[in-house]
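# Structural description and commentary
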Amino acid sequence: MRYLPGSSTPRHFAFSAHASRIALAAIALSIGLVTAPPTHAAGDAVANAINAVGEFTVFRTDGIQEQLEGKGSLPLYEGDTVKTGTGSQGLLEFSNGIQVALNEDTQFVILSRWEESKGFTRILRLSAGEVWVKTMGGPKPLEIETPVATAAVKQTEFDIKVQPDGQTTLTVVEGIVEFGTAFGTCPIRTSTISYGNRGKKCTKPAPVDVAPNVAWAQGIRQ
Amino acid sequence: MNQRITFSTPLLISMPLLLGALLTGCETMQKLVSTPKPQGLNTRVYSANESSNTVTVMDGDTYQVLGEIDTLNYGPHDMALSRDGKQLWVTNLANGRVSVIDTDSRKTIASIYTGTRAHVVALTNNNKHAWVANIADNTISIIDTTIYRILGTIPVSKGPMGIAFSRDGKFAYVSTQDKMVNVIDTAAHQVIKQIPVGPNPHFLILGPDGRIWGTNTGSNDIYVIDPNTQEIAGSIEVGPAPQQIAFALKGTAGPNAYVTVTGLNKVVVVNATSPALSIREQIDVGEGPNGIWANAVGTTVYVGHTKSNNVMVIDTGTSQVSATLPVGKKPIRVVASR
């Protein structure tokens, strides 16, 4: 069991993967109901860091720090904070097929939301820097939270950057992203850009040449 | 001798205006008047049981425990009930998540991570957003109450402890462990002022007088903030470790502020009808009174006791305990439907 008091995992799923499967099966058999099992449980890695250039650090919820150097496989769990240093980059692959590249000076926490009707939604809480995201193999619910906005996607490729004051820039390479602040939501489509600022609705999408905005991610993906 | 009372035309015209002015003056009383309800159908009372990870559901009219809901998280602490009573938002202090409970099915239907030590939750006046104070992150998370998505985070000063909104919704008040109340402009999501208060300021609530009432758990007093001036308008000592406040009537007297005072094992009743605060009475309750809420008409308060694990129902007319309901462990917050 990996759960710690500081973990962000819902208690309902804070069991080892094995124990939770047995418990769920027993409950389903005993009451004659088959409910959708959780898509993950605490103890299961939710992603792997597979490539790093420069300083790439993972801060676990229990305070342990681990680093990846070059290509490899460093498992990531719910609640982990991932951080790159100046001049550094990293690449992650989530178990459901989502790829995330981190540009330099980037930091986010891996979180989730659970809903009875929808199951888990993977959430990355981006507090600094820039990430490129691509979902593969069908629709995958994913949300990127920044201090002033949230980008929600299912099947798309996009780049999102947050400034120290929270200003958030979203560039959609392909697909559609539901981009919203507390003051309104804007659907942002292929080859457009939108900005989210504190206290304001996201800006109307404007056409943009996306290639320069995502060029930084090409190197780390190879 | 017959005496006839006659009204001049100007007086007759002005009477509706006078009546309107009188009614405006009685605004505080109107807050506690609700539409008639079929007996025994409506008032639901909920306690957040921090040490059993559950919410107990009670019938506030018949004084019966109806059931217990698993929050699917750790350390349920604060609650906010939607105006229609359908959704109950519960913070979970230990693992930083908010549970959303469907009150009809009595099930947790969503679990949202907000931040480290998610402490209190308040719904905006239009119920579109839930604001959650994360003590260890020094932030307020703003959640869309329809899609459960966090749409923004507002930085505040150290250790946010309580949240309340002004009557017009233009300002949010956040008490913090650095002895401040942060005033947030809700249109800009910016802190526009910090009001110094006492040590360990905790609970905040909008009073029927339109002022913001708060407790200083560390200095044994409560205070009120005037939203027109954004200044402290008054304070009064009520006893060691005051916790939470509810507003109710005692016959013709009131509204009064009912303050749980843990160090006394009492509810202290403060006159809330005049600018100068004064204590009307003290009511003996159980061990460790903390959460408190009044029914919609202000004739009953429900008091949670964190040491004796029960909720006492107090008739504010007689100041007597009408019933004692067993709930989960450490019931720290109590709310009731409107």
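Residues numbered from 1 in each chain as written. Chains lettered and ligands numbered in written order. Predicted model: local features only at pLDDT ≥ 70, side-chain atom pairs only at ≥ 80, totals over all residues. Heavy atoms only, no water.

What follows concerns the overall build of chain A. In terms of helices and strands, chain A carries 3 helices and 17 strands. At a minimum sequence separation of 6, the contacts of chain A that also span at least 24 residues come to 45%. In the structure as shown, chain A presents an accessible area of about 9,900 Å², 55% of it carried by carbon and sulfur atoms. (Helix = DSSP H or I, 4+ residues; strand = E, 2+ residues; numbered from the N terminus. Contact = heavy atoms within 4.5 Å. Areas by Shrake-Rupley, 256 points an atom, 1.4 Å probe, with all protein chains shown as cover.)

With that out of the way, let us pick up the sheet that holds strand β17 (residues 212–216) of chain B. Residue and element names in this part refer to chain B. Strand order in the open sheet formed by 4 strands is β16-β17-β18-β19, with antiparallel pairing between adjacent strands. Since the sheet does not close on itself, it has two edges, and those belong to β16 (201–206) and β19 (231–237), each with one partner. The sheet shows a mean angle of 20° between the axes of neighbouring strands, taken without regard to direction. Of the pairings in the sheet, the one linking strand β18 (residues 221–226) to β19 comprises 6 bridges and is antiparallel in character. Paired with D226 across the two strands is E231, which belongs to β19. (Pairing = 2+ DSSP bridges. Axes fitted to C-alpha atoms, helices over the stretch in contact; angles between N-to-C directions.)

Residues and elements named next belong to chain B. In this structure, P255 follows G254 across a cis peptide bond, with omega equal to 5°. A positive phi angle, close to 60°, is found at A241, a residue other than glycine. Its location among the elements puts A241 in the loop between β19 and β20 (242–250). Accessibility expressed as a relative area gives 22% for A241, which makes it partly exposed. (Buried < 20%, exposed > 50% of the residue type's maximum accessible area, 1.4 Å probe, protein only.)

A separate point is the interface of chain A and chain B. On the chain B side, the residues contacting the 31 residues of chain A number 34 residues. Interface of chain A and chain B: buried area, both sides summed, is about 2,600 Å²; carbon and sulfur atoms make up 47% of it. Counting across the interface, chain A meets chain B through 4 salt bridges. Notably, a salt bridge pairs A:E116 with B:K107, separated by 2.4 Å at the nearest N-O pair. Breaking the side of chain A that touches chain B down by element, the ones donating at least two residues are β8 (107–115), β10 (142–145), β11 (150–153) and β14 (176–181) of chain A. At 5 residues, the largest contribution of residues to the side of chain A that touches chain B is made by β8(A). Here the side of chain A that touches chain B is built from residues that sort into 12 nonpolar, 9 polar and 10 charged. The pairing of β8(A) with strand β7 (residues 107–113) of chain B spans 3 bridges and is antiparallel. Each residue of the ladder has a partner; that of A:E115, found in β7(B), is B:A110. (Buried area = accessible area lost by both parts, 1.4 Å probe. Salt bridge = Lys/Arg side-chain N within 4 Å of Asp/Glu carboxyl O. Nonpolar A, V, L, I, M, F, W, Y, C, P; charged D, E, K, R; others polar.)

A few words on the sheet that holds strand β24 (residues 289–294) of chain B. All names here are of chain B. Spatial ordering of the open sheet is given by β24-β25-β26-β27, a layout of 4 strands whose pairing is antiparallel. Of all the strands in the sheet, the pair left with one neighbour each is β24 and β27 (320–326). The average angle at which neighbouring strand axes cross in this sheet is 25°, direction not considered. Alignment of strand β26 (residues 310–315) against β27, held across 6 bridges, turns out to be antiparallel.

This paragraph deals with the state of the cysteines. Put plainly, two cysteines are in a disulfide when a covalent bond ties their sulfur atoms together. Residue and element names in this part refer to chain A. On inspection of all chains with the given rule, the structure shows 1 disulfide over all chains. Through a disulfide, C186 is tied to C202; the S-S separation comes to 2.1 Å. Torsion about the S-S bond of the C186 and C202 cystine: about 105°, corresponding to right-handed handedness. Taken together, the residues span a long stretch of sequence, with C186 in strand β15 (residues 184–189) and C202 in the loop between β16 (192–196) and β17 (206–207) at a distance of 16 residues. For the pair formed by C186 and C202, the shared burial category is buried. (Disulfide = S-S within 2.5 Å.)

This brings us to the confidence of the model for chain B. Predicted coordinates in regions of low pLDDT should not be interpreted in detail. Residue and element names in this part refer to chain B. Averaged over every residue, the pLDDT of chain B is 90; the share at 70 or more is 88%. Note that pLDDT drops below 50 for residues 1–32; the model gives that stretch 15 contacts with residues more than four away or on any other chain. Model confidence for the complex is summarised by a pTM of 0.82, with the ipTM given as 0.73. (pLDDT = per-residue confidence, 0-100.)

Residues and elements named next belong to chain A. On average, residues of chain A carry a pLDDT of 84, and 81% of them reach 70 or more. Of all the helices and strands in chain A, helix α1 (residues 17–31) carries the lowest mean pLDDT, 41, while strand β5 (residues 81–84) carries the highest, 98. Counting contacts from residues 1–6, a segment whose pLDDT is below 50, to residues more than four positions away or on other chains yields 15 contacts. Counting contacts from residues 14–41, a segment whose pLDDT is below 50, to residues more than four positions away or on other chains yields 28 contacts.

So, on to empty space enclosed by the protein. On inspection of all chains with the given rule, the structure shows 2 cavities of 30 Å³ or more. Taken as a whole, the second largest cavity spans an internal volume of roughly 40 Å³. Counted by class, the lining of the second largest cavity contains 5 nonpolar, 5 polar and 2 charged residues. (1 Å grid on protein atoms, 1.4 Å probe; cavity = no way out; pocket = protein on both sides within 12 Å on 5 of 7 lines; lining within 4 Å. Points joined across faces, edges and corners; volume = space filled by probe spheres on them.)

Residue and element names in this part refer to chain B. Counted under the stated rule, the structure contains 3 aromatic pairs over all chains. On the numbers, 6.0 Å between centres and 65° between planes, the contact of W89 with Y148 is edge-to-face. Highlighted residues: W89 in strand β5 (residues 87–92) and Y148 in the loop between β10 (139–144) and β11 (150–155), separated in sequence by 59 residues. Per residue, the accessibility class of W89 equals that of Y148, and both read buried. With 5.1 Å between their ring centres and 85° between their planes, W131 and F165 make a pair best called edge-to-face. Of this pair, W131 sits in strand β9 (residues 129–134) while F165 sits in strand β12 (residues 160–165), placing them 34 residues apart in sequence. Per residue, the accessibility class of W131 equals that of F165, and both read buried. (Phe/Tyr/Trp six-rings, centres within 6.5 Å; stacked < 30°, edge-to-face > 60°.)

A separate point is the pairing of strand β6 (residues 97–102) of chain B. All names here are of chain B. Within β6, 5 of the 6 residues are buried, leaving the element largely enclosed by the surrounding structure. Pairing of β5 with β6, which is carried by 6 bridges, proceeds in the antiparallel orientation. Note that in β6 the partner of L88 across the bridge is I101. Hairpin connection of β5 to β6: 4 residues between the antiparallel strands, including G96 at a positive phi of 70°.

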